[in-house]
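Residue-level structure breakdown
Letter by letter, the chains look like this.
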Amino acid sequence: ETIEASWALLSPWERRALAQVSIFRGGFSVHAAELVLAPSAPEPDAPSPLDLLQSLRDKSLLLGDEREARVRRFTLLASIRELAEAKLDASQRREAEARHARHYLQLGEALGARLEARDDVEARRELRLEHENFMAVHQRFLARDAPSDLAGASLRAALVLARSASAYPYAFCLGVLDVAL
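In this text the structure is predicted, and so the values were computed from the model without any measurement.

This part covers the packing of helix H2 (residues 12–21) against helix H3 (residues 30–37). Axes are the key here: two packed helices are described by the angle between their axes and the distance separating the axes. For the pair H2 and H3, the least separation of the axes is 10 Å and the interaxial angle reads 110°. Regarding the angle of H2 to H3, the classification is roughly perpendicular. Considering the relative orientation of H2 and H3, their crossing is right-handed. Residue-level contacts link Ala17, Gln20 and Val21 of H2 to Ala33, Val36 and Leu37 of H3.

See below:
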């Protein structure tokens, strides 16, 4: 009831932003949020994603993720995430999840390439930090078909996951790849 009351006090822009960031798992950077919150067509008078994130944080609906001091990250409490996620209609969900997937597939593949070129400690750290978002992309696209520009998204996400899961048992990596294939 308290969360629903907080939702009712938000502006339409804040509601949409909170609903869209509910698709993240395990936290997210400001840059990732800006990409997911970006509308397909620019809207006049729209507040910036950064302003929306700050406003939601000021209202205690977003929390600062203090695990990583070098990069400003946010996270959501599970109860807030569930309510906000329920507010997304099917088309909004598909669009936000597609933007989320595009970002994390590109990021994961770029970080993986850095690791293949040399043992890049920073790339390995970022892969581990974003592991839950990579897993979310993988699981979403196993559950349904990907948009045409994300063909093979589940397998691409599984390959990223295998790279990011160096702290996990080898069987986990094989299991993720097997399911994707």
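Another aspect to go through is the environment of Ala17. Topologically, Ala17 is positioned in helix H2. With a relative accessible area of 4%, Ala17 lands in the buried category. Between the alpha carbons of Ala17 and Ala84 there is a distance of 9.3 Å; along the sequence they are 67 residues apart. Those residues in contact with Ala17, other than ones at most four positions away along the chain, are Leu37, Leu52 and Leu56.

A separate point is the nonpolar core. Formed by 42 residues in total, the largest nonpolar core has its most connected members in Leu18, Val21, Phe28, Leu53, Leu62 and Tyr104. Examining the composition of this core, we find that seven residues originate from one element, helix H6 (residues 90–117), more than from any other. If sequence neighbours within four positions are ignored, Leu62 has contacts with Val21, Phe28, Leu53, Leu56, Arg57, Phe74, Thr75 and Leu76.

Cut-offs applied
- Residues numbered from 1 in each chain as written.
- Predicted model: local features only at pLDDT ≥ 70, side-chain atom pairs only at ≥ 80, totals over all residues.
- Heavy atoms only, no water.
- Axes fitted to C-alpha atoms, helices over the stretch in contact; angles between N-to-C directions.
- Helix = DSSP H or I, 4+ residues; strand = E, 2+ residues; numbered from the N terminus.
- Parallel < 35°, antiparallel > 145°, perpendicular 65-115°, else oblique.
- Left-handed = near helix turned anticlockwise from the far one by under 90°.
- Contact = heavy atoms within 4.5 Å.
- Buried < 20%, exposed > 50% of the residue type's maximum accessible area, 1.4 Å probe, protein only.
- Core = buried A, V, L, I, M, F, W, Y, C linked by side-chain atoms within 4.5 Å.

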